[in-house]
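Below, each chain spelled out in residue letters.
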Amino acid sequence: MKNNFLILSLSKTIIFIMILASCILFADQSVSLKLEYSILYQNSKNSTILSLDSGDVVFDGDKLKLNVQYPSNAYCYLIYEDPNQNVMTLFSSSTKVDNLKKSNFHTTGWLSLSPPSGQESIFFLLSEAPLSVVEKVVSDLGNARGGRAKKLYRRYKSEIFN
């Protein structure tokens, strides 16, 4: 199974956007999966809303809104990881595939940046099939502690990057 990933790392001072793959082409089909996204940024001091670009500076109290558009035959996930390696699903279309529409659009509510400072990541995943293993590992991570949490975190990283 092939996946399409976009990783957004937030370090509270700088934003890096790295696209691991912009499109998946299937050998047996002429269909490609394409994820389109925008990231809106709201400054906490003056409430100005701007489009966030790679290298832009963000601070505690600032807010982000994520918008994604993806083909209706695809499965889309937005997964957030904080500086303490806590992981949560912001959005999952795993039960909402609608082949009657050409594309799907989703927007998150405003996400507030708060301490602790450090690298925060938002993973944009697009797949031709449900990523049930990723969903299960992220869910289990929320309930795990100690050594089990460390083991599940390693598995989560393996699933995201493989």
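Up top is the structure these notes are about.
Since this is a predicted model, take the numbers as computed values, not measurements.

Rules and cut-offs
- Residues numbered from 1 in each chain as written.
- Predicted model: local features only at pLDDT ≥ 70, side-chain atom pairs only at ≥ 80, totals over all residues.
- Heavy atoms only, no water.
- Buried < 20%, exposed > 50% of the residue type's maximum accessible area, 1.4 Å probe, protein only.
- Helix = DSSP H or I, 4+ residues; strand = E, 2+ residues; numbered from the N terminus.
- Pairing = 2+ DSSP bridges.
- Salt bridge = Lys/Arg side-chain N within 4 Å of Asp/Glu carboxyl O.
- Contact = heavy atoms within 4.5 Å.
- Expected span 1.5 Å × (residues − 1).
- Arc of directions from axis to C-beta.
- Polar contact = N/O pair within 3.5 Å; in protein donor to acceptor, adjacent residues only side chain to side chain.
- Phe/Tyr/Trp six-rings, centres within 6.5 Å; stacked < 30°, edge-to-face > 60°.

Caption draft 1: Structural detail: the pairing of strand β8 (residues 75-81). Across the seven residues that make up β8, a large majority, seven, are buried. Every second residue of β8 is oriented toward a common face, with Y75, Y77, I79 and E81 on one face and C76, L78 and Y80 on the other, all of them buried. Pairing geometry for β8 and strand β9 (residues 87-92), over five bridges, is antiparallel. What sits directly across from Y77, in β9, is S92. In this antiparallel pair of consecutive strands, β8 and β9, the connection spans five residues, and Q85 shows a positive phi of 65°.

Caption draft 2: Molecular detail of the pattern of salt bridges. Evaluation of the coordinates by the stated rule reveals two salt bridges. Measuring nitrogen to oxygen at the nearest pair gives 2.9 Å for the salt bridge that ties K136 to D140. Residue K136 and its partner D140 are located together in helix α1 (residues 132-143), separated by four residues, close to a single helical turn. The class for D140 is buried, based on a relative accessible area of 17%.

Caption draft 3: Highlighting the environment of S94. Mapping S94 onto the fold places it in the loop between β9 and β10 (103-107). Note: C-alpha distance between S94 and A129 (35 residues apart in sequence) is 8.5 Å. Ignoring sequence-local partners within four residues, the contact set of S94 consists of Y75, Y77 and E135.

Caption draft 4: The arrangement of α1 in detail. With 12 residues, α1 extends 17 Å from end C-alpha to end C-alpha; this agrees with the ideal 16 Å at 1.5 Å per step. When we look at burial in α1, the residues that qualify are V134, V137, V138, D140 and L141. Mapping the buried residues of α1 onto a view down its axis gives an arc of 165°, with all of them on the same face. When the buried face of α1 is taken as reference, the exposed residues oriented beyond 90 degrees from it are K136 and N143. Contact partners of the buried residues in α1: β8, β9 and α2 (146-161).

Caption draft 5: The side chain of E81, seen in detail. Along the chain, E81 falls in strand β8. Of note is the side chain of E81, whose polar atom sits 2.3 Å from the side chain of Y153. What E81 contacts, discounting residues up to four positions off in sequence, is N86, V87, Q119, E120, S121, F123, Y153, Y156 and K157.

Caption draft 6: Focus on the packing of aromatic side chains. Counted under the stated rule, the structure contains five aromatic pairs. Between the aromatic rings of Y37 and F124, the centroid separation amounts to 5.6 Å while the plane-to-plane angle is 45°, which identifies the pairing as tilted. Placement of the pair is Y37 in strand β5 (residues 36-42) and F124 in strand β12 (residues 120-127), with a sequence separation of 87 residues. Here Y37 falls in the partly exposed class, since its relative accessible area comes to 31%. On the basis of relative accessible area, F124 is assigned to the buried category, the value being 0%. Look at F123 and Y156: their rings are 6.2 Å apart centre to centre, the planes differ by 90°, and that puts the pair in the edge-to-face class. Here Y156 lies in helix α2 and F123 lies in strand β12, a separation of 33 residues in the sequence. Judged by its relative accessible area of 2%, F123 is buried. Y156 sits in the buried class, given a relative accessible area of 1%.

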